[in-house]
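Residue strings, one per chain:
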Amino acid sequence: MPQPFSNTVERTARDWWLRCQAGPLDTGEQHRLEAWLAADPAHGEALAELEMHWELAGEVPPATVGATTKPRRATAWLAVAAAALLVIAWQAPDWWLRARADYLAGATPLTLTLADGSRLDLAPGAAVRVAYNDRARNLELLRGEALFRPAPINADEPRPFTVHSGDADFTARGTAFWVRHRDGAEQVGVTEHRVRARLPGGRERLLEAGDAARLTDQDGIRPLPLDPAREAGWAQGVLVFEQTPLSTALARINDFRSRPVVLLDRARGGTPVEAVLHLDNLDSGVPALATSLGLKSQNLPGLTLLY
């Protein structure tokens, strides 16, 4: 069961909320707030939760920050500030990616066919660099998630096909597979044939169709309890959930949304979800999902709250 916010986090979030009721922050205060939000995702969640609670109540909590504090409704700026660092957690700025990437997907999946006939499906926001040479077909997943369908090795195309992501390498063995970067780890799922997964230090594993794995330098190559084919449903425009914990489903939804969904009732994180959501209609799908689970949803600038 998720743990509640610490007293220190709740008190600091409350202080910042109240300070913003007194009027616009000066430059130094704004920088200090942004630094506090950046230090831990829980800080933004605590501030967003407080914002939602008092926005619905239409009140200011019975405490003051100096004599000049006046009861006011929460400002839109505070909601934006609380959301900004939640978004940054999984959506890095594009400028540095554009300097390195050959292909960068926008708000919708991007399907590509390379010169050798290999096909790539890039999830929204994903970025890939192509580095083919005379001896190898190398690609680097710079951000996000992609589904790879390499042209097979034959007499006319003898070069191996390898995807680099973080510290991991994935070499195709006549296959289709996806690679995903999440939470400082690499994930891979094989939908056809086999993939050789490698980490530095000689650690490697041959993955068969239907296998999924998580790779980190600390833990090595560990199996993931995922269905690779179902996880690749986004390439056909859908997200499919079958008895998926709500917290896991929301994390997956957030992979494809520029405005993250935050669950305030964290005790509901284990609620099983049965749903098919269409990527081109997630803005309507999220409230419908909330309703089906007996939850409410509210859009704030930069994020959607479920409670």
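Just above sits the structure.
Everything in this summary refers to the structure shown in the same document. The model shown is predicted, which means the values in this text are computed figures rather than measured ones.

1. Thoughts on the sheet that holds strand β16 (residues 297-300)
As summarised here, the arrangement of the 3 strands in space is β14-β17-β16, forming an open sheet in which the pairing is mixed. Edge strands, defined here as strands with exactly one partner in the open sheet, are β14 (261-263) and β16. Recorded for the sheet is a direction-independent mean angle of 25 degrees between the axes of neighbouring strands. As defined by bridge partners, β16 adjoins strand β17 (residues 303-306) across 4 bridges and the pair is classed as antiparallel. Within the sheet, the bridge partner assigned to leucine 300 lies in β17 and is leucine 303.

2. Here's the deal with unusual backbone geometry
Within the chain, histidine 193 stands out as a residue other than glycine whose phi angle is a positive 60 degrees. Along the chain, histidine 193 falls in strand β9 (residues 185-199). At glutamine 243, a position not held by glycine, the phi torsion is positive, near 50 degrees. Mapped onto the elements of the fold, glutamine 243 is located in strand β13 (residues 238-245). Taking relative accessible area as the criterion, glutamine 243 reaches 54% and is therefore assigned exposed.

3. Section: helix α8 (residues 282-292)
Buried within α8 are the following residues: Leu282, Gly285, Val286, Leu289 and Ala290. Around the axis of α8, the buried residues are gathered within 135 degrees of arc, so they sit on the same side. Facing away from the buried side of α8 by more than 90 degrees, the exposed set consists of Asp283, Thr291 and Ser292. Buried residues belonging to α8 abut α7 (246-254), β14, β15 (272-278), β16 and β17.

Reading the values: rules and limits
Residues numbered from 1 in each chain as written. Predicted model: local features only at pLDDT ≥ 70, side-chain atom pairs only at ≥ 80, totals over all residues. Heavy atoms only, no water. Pairing = 2+ DSSP bridges. Helix = DSSP H or I, 4+ residues; strand = E, 2+ residues; numbered from the N terminus. Axes fitted to C-alpha atoms, helices over the stretch in contact; angles between N-to-C directions. Buried < 20%, exposed > 50% of the residue type's maximum accessible area, 1.4 Å probe, protein only. Arc of directions from axis to C-beta. Contact = heavy atoms within 4.5 Å.

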